[in-house]
Amino acid sequence: MSHDDLPTDSPAVVTCGLPYANGDLHIGHLRTYVGGDVFARALERLGQRTAFVSGSDMHGTPVAVNAEQAGVSPETFALDWHEQYAETFPKFNVVFDNYGHTHDETNTEMTQRFVRGMEDAGHVYEKEIMVAYDPDGDQFLPDRYVEGTCPYCGTHARGDECDEGCQRHLEPGEIEDPVSAITGNPAEYHERTHKFFAVSEFADYLSDFLDRLEGTSNARNQPREWIKQGLQDWCITRDMDWGIDYPGENPQDLVLYVWVDAPIEYVSSTRQYSDRVGSDVFDWEAAWKEGVSEDHPEGGEIVHVIGRDIIQHHTIFWPAMLEATGHTEPRAVMASGFVTLDGKGFSTSRERAVWADEYIDEGFHPDPLRHYLATNGGFQQDVDFSWEKFRDRVNTELVGTVGNFLYRSLLFAYRNYDGAPEAVITSEAVADRIDEAVADVEAAVNDYSVRAIGDAVVDLARFGNEYIQRNEPWRLVDEDPDEAAQVIYDCVAIAKAIAVLFEPIAPEKCERLWDQLGEAGSVHAVTVEAAREAPAGNLSEPTELFEKIPDERVDELNEKLAERVAAAESDDDDDADDGGNADDGDDTDDESDTTDMTDVEPISDERIGFEEFQDLDLRVGRIEEAVGIEGADDLLELTVDLGVETRTIVAGLKRLHDVEDLPGAKVIVLANMEKAELFGVESNGMVLAAGEEADLLTTHEDAGPGTKIR
Ligand SMILES: [Zn+2]
């Protein structure tokens, strides 16, 4: 890995977190895959040799548990989902160079090679631990086979992850009051010998690594906290049949923990790509191993695109495994926020989701959804999807700005010049503006901001609209034909630049635009240099690139969703949820990238009446006391004076503020907020704060506690 600006001469590998081969994909799941695809395409447009890889995660107890319930073998069960995913991603123009799975020969062999490497380097040891066991079912209960109480936060937790509470990875034996997830029987703890990877030995390396790591700030800040708290060694084996066998002698019949072989699939999948295209096109070893390539002894540029729920695996366990075995460390980790639906979490069990297939079956084109998911918020922010918001973005940006500019200028060129006017060059101002857009895309890639890639193009289209409006070629065509020809030629040049620069976001639409422009070959094969080159000018009759979404469609889709949720609720009130879940308040971004205007959300078009505002009982409060909450990394229990009474309010301020400085601070409180229990503390009100840094709202003068905000 280098730290030169991208693109570099080294081979790059962009990966997406492996989907669990375990259930239908909804559009919330697609965010990281679209983000990864946009980033990989943008890197390629910049001229970087890039492999874009992923694969299905076949192992682990969620797959085994669900296969058991479905009455089929885990392999059959997982392969079924794997094939579905392999078909679904291309429908959204997410085109991996290789999409493998963790149970194939390449990954099995690669995983065993990694583990032997870790052993040979002396980083693996055996230890006796207590493992949950179901005496009635006569079986061990690894990971998701056991449920109980999280020892850190007291929340109900499943197996290896406190996914409803503090989000911590849980080691075997840590869960309290264990119960078998299969039979519901109370579990016993039995002593077993397991293998451990000595992650704690890598604390110094990982600290330095995090200082080098690029990508989103959440992927650095959370792990720094974990290292500060002290790293635990990591149990890498499990008592179960489904998985990759521990290599070598294995008297206990152990398989490897799913999080060992899952990230190794990134390497295996790159290898399969190399094997298919030849190492002269892409050399997986030069990318993944240090010292293999003479030209790039530091290895390739590895960029992991993941959901923020798996930051720990990608910034602690995985880089330690790579370091232990002489592989290339990641250059960047981009960890996305979640996607919500109408402001609430997706719930697959409650059918509260827009399914990936459903979106396509409703007749929508994939590119507008890609645009929405990639550009609706900063990458680490949560993004809310609703059909209304989707309609607004499509109708204003894609149809109103980009589509409108392309259609009006290309139609004018086609009708008046039978193509583009000849024998002129792009005027200097327009050539400069195109250069600026290219530079914006380059900067966006180096900022790991897929949103800024889209913004650069929409801004260029906006410039194009202003340019054509200001110069009125329809008037000039009689008064000053040369000037009219220049203006239209400029517009065709802008259209060509849009085709090249928007390809990462809207690949299929841009290929169609490329054809309309009469350009040779495929837009997927050019670099950004093509944006500056003279247009071919051989236009065919243009058609509108994007379609408006009518209001009636939105009503229809909302009704469908509401009916389905109601039907699911009436026959199931299970509260199981999934990875597209809403924010748990666990954000820890403490870098000041929030002042970047590209991260400011657009202002809502939905107006509210004064009466609705008055429903909010907003008061001035004064913080009397601020103390941490046992088990919660970023929550504080605040005692707040509201004049008429004193309230206990829980707020996520611990990592973002100096706790000692808070008492005495005046704050603004939403006093009639619903009560909520967080980590066993009842929060009675909400303290208002701005942005990801939780900048506290206050008053300028001397309004005392209890004063109403009006
Ligand atoms: Zn917990």
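Residues numbered from 1 in each chain as written. Predicted model: local features only at pLDDT ≥ 70, side-chain atom pairs only at ≥ 80, totals over all residues. Heavy atoms only, no water.

Novice: Lay out the packing of aromatic side chains in plain terms, naming residues and giving numbers.
Specialist: Note on aromatic pairs: each is described by the distance of the centres and the angle between the planes. Under the definition given, this model contains 30 aromatic pairs. Measuring from ring centre to ring centre gives 6.2 Å for Trp-288 and Trp-318, while their planes differ by 65°; the resulting arrangement is edge-to-face. Of this pair, Trp-288 sits in helix α8 (residues 284–288) while Trp-318 sits in helix α9 (residues 311–324), and the two are 30 residues apart along the sequence. Residue Trp-288 shares its accessibility class with Trp-318, and that shared class is buried. Ring geometry for Phe-364 against Trp-387: centres 5.3 Å apart, planes inclined by 25°, an arrangement best described as stacked. Note that Phe-364 is positioned in the loop between α10 (356–361) and α11 (366–375) and Trp-387 in helix α12 (residues 387–417), a separation of 23 residues in sequence. Trp-387 sits in the buried class, given a relative accessible area of 4%. Following the ring pairs from residue to residue traces out a cluster consisting of Tyr-33, Phe-52, Trp-81, Tyr-85, Phe-89, Phe-96 and Tyr-99. In this structure, Arg-31 is placed above the aromatic ring of Phe-379, and the distance from its NZ or CZ to the ring centre is 5.6 Å. Over the aromatic face of Tyr-257 sits the side chain of Arg-238, whose NZ or CZ is 3.8 Å from the ring centroid. (Phe/Tyr/Trp six-rings, centres within 6.5 Å; stacked < 30°, edge-to-face > 60°. Helix = DSSP H or I, 4+ residues; strand = E, 2+ residues; numbered from the N terminus. Buried < 20%, exposed > 50% of the residue type's maximum accessible area, 1.4 Å probe, protein only. Lys NZ or Arg CZ within 6 Å of the ring centre and 35° of its normal.)

Novice: Lay out the state of the cysteines with the relevant residues and their values.
Specialist: Summed over all chains, the structure comprises 0 disulfides. The thiol sulfur of Cys-491 is not disulfide-bonded, and the nearest other cysteine sulfur, from Cys-510, lies at 17 Å. (Disulfide = S-S within 2.5 Å.)

Novice: Would you mind going over the pattern of salt bridges in detail, with residue names and values included?
Specialist: Scanning the model with the defined rule gives 41 salt bridges in all. Linking Glu-503 and Arg-41 is a salt bridge whose minimum nitrogen-to-oxygen distance equals 2.8 Å. Of this pair, Glu-503 sits in the loop between α16 (481–501) and α17 (507–516) while Arg-41 sits in helix α1 (residues 30–45), and the two are 462 residues apart along the sequence. Accessibility classification places Glu-503 together with Arg-41 in one group, the buried group. Across the pair Asp-435 and Arg-532 runs a salt bridge whose closest N-O atoms are separated by 2.8 Å. Separated by 97 residues along the polypeptide, Asp-435 in helix α13 (residues 428–446) and Arg-532 in the loop between α17 and α18 (551–571) bring together distant segments of the chain. Each of the salt bridges in this network shares a partner with another, and the network as a whole consists of Asp-37, Arg-41, Arg-45, Arg-370 and Glu-503. (Salt bridge = Lys/Arg side-chain N within 4 Å of Asp/Glu carboxyl O.)

Novice: Outline the packing of α13 against α16, supporting the account with residue identities and numerical values.
Specialist: One can describe the packing of α13 onto α16 by two numbers: an axis separation of 10 Å at closest approach and a directional angle of 10°. With respect to each other, α13 and α16 are oriented roughly parallel. The residues of α16 that touch α13, namely those facing Val-430, Ile-434, Ala-437, Val-438 and Val-441, are Asp-490, Ala-493, Ile-494, Ala-497 and Leu-501. Partitioned by chemical class, the residues of the contact of α13 with α16 number 9 nonpolar, no polar and 1 charged. (Axes fitted to C-alpha atoms, helices over the stretch in contact; angles between N-to-C directions. Parallel < 35°, antiparallel > 145°, perpendicular 65-115°, else oblique. Contact = heavy atoms within 4.5 Å. Nonpolar A, V, L, I, M, F, W, Y, C, P; charged D, E, K, R; others polar.)

Novice: How would you summarise the coordination of the zinc ion if you had to cite specific residues and measurements?
Specialist: Listed as protein donors to the zinc ion are Cys-150 (SG), Cys-153 (SG), Cys-162 (SG) and Cys-166 (SG); their distances from the metal cover 2.3 to 2.4 Å. One can describe the site at the zinc ion as tetrahedral: its 4 donor atoms subtend angles covering 101 to 116° at the metal. The sequence pattern formed by the donor residues of the zinc ion is C-x2-C-x8-C-x3-C. Taken together, the residues span a long stretch of sequence, with Cys-153 in the loop between β6 (146–149) and β7 (156–158) and Cys-166 in the loop between β7 and β8 (176–180) at a distance of 13 residues. By relative accessible area, which is 9% here, Cys-166 ends up buried. (Donors = N, O, S within 2.8 Å, 3.2 Å for Na, K, Ca; no water. Tetrahedral: all angles 85-135°; square planar, octahedral: opposite > 155°, others 65-115°.)

Novice: Please provide a residue-by-residue account of the side chain of Arg-168, values included.
Specialist: With respect to the helices and strands, Arg-168 occurs in the loop between β7 and β8. Taking relative accessible area as the criterion, Arg-168 reaches 15% and is therefore assigned buried. Leave out the neighbours within four places in its chain, and Arg-168 touches Tyr-152, Asp-160, Glu-161, Cys-162, Gln-229, Gly-631 and Asp-633.

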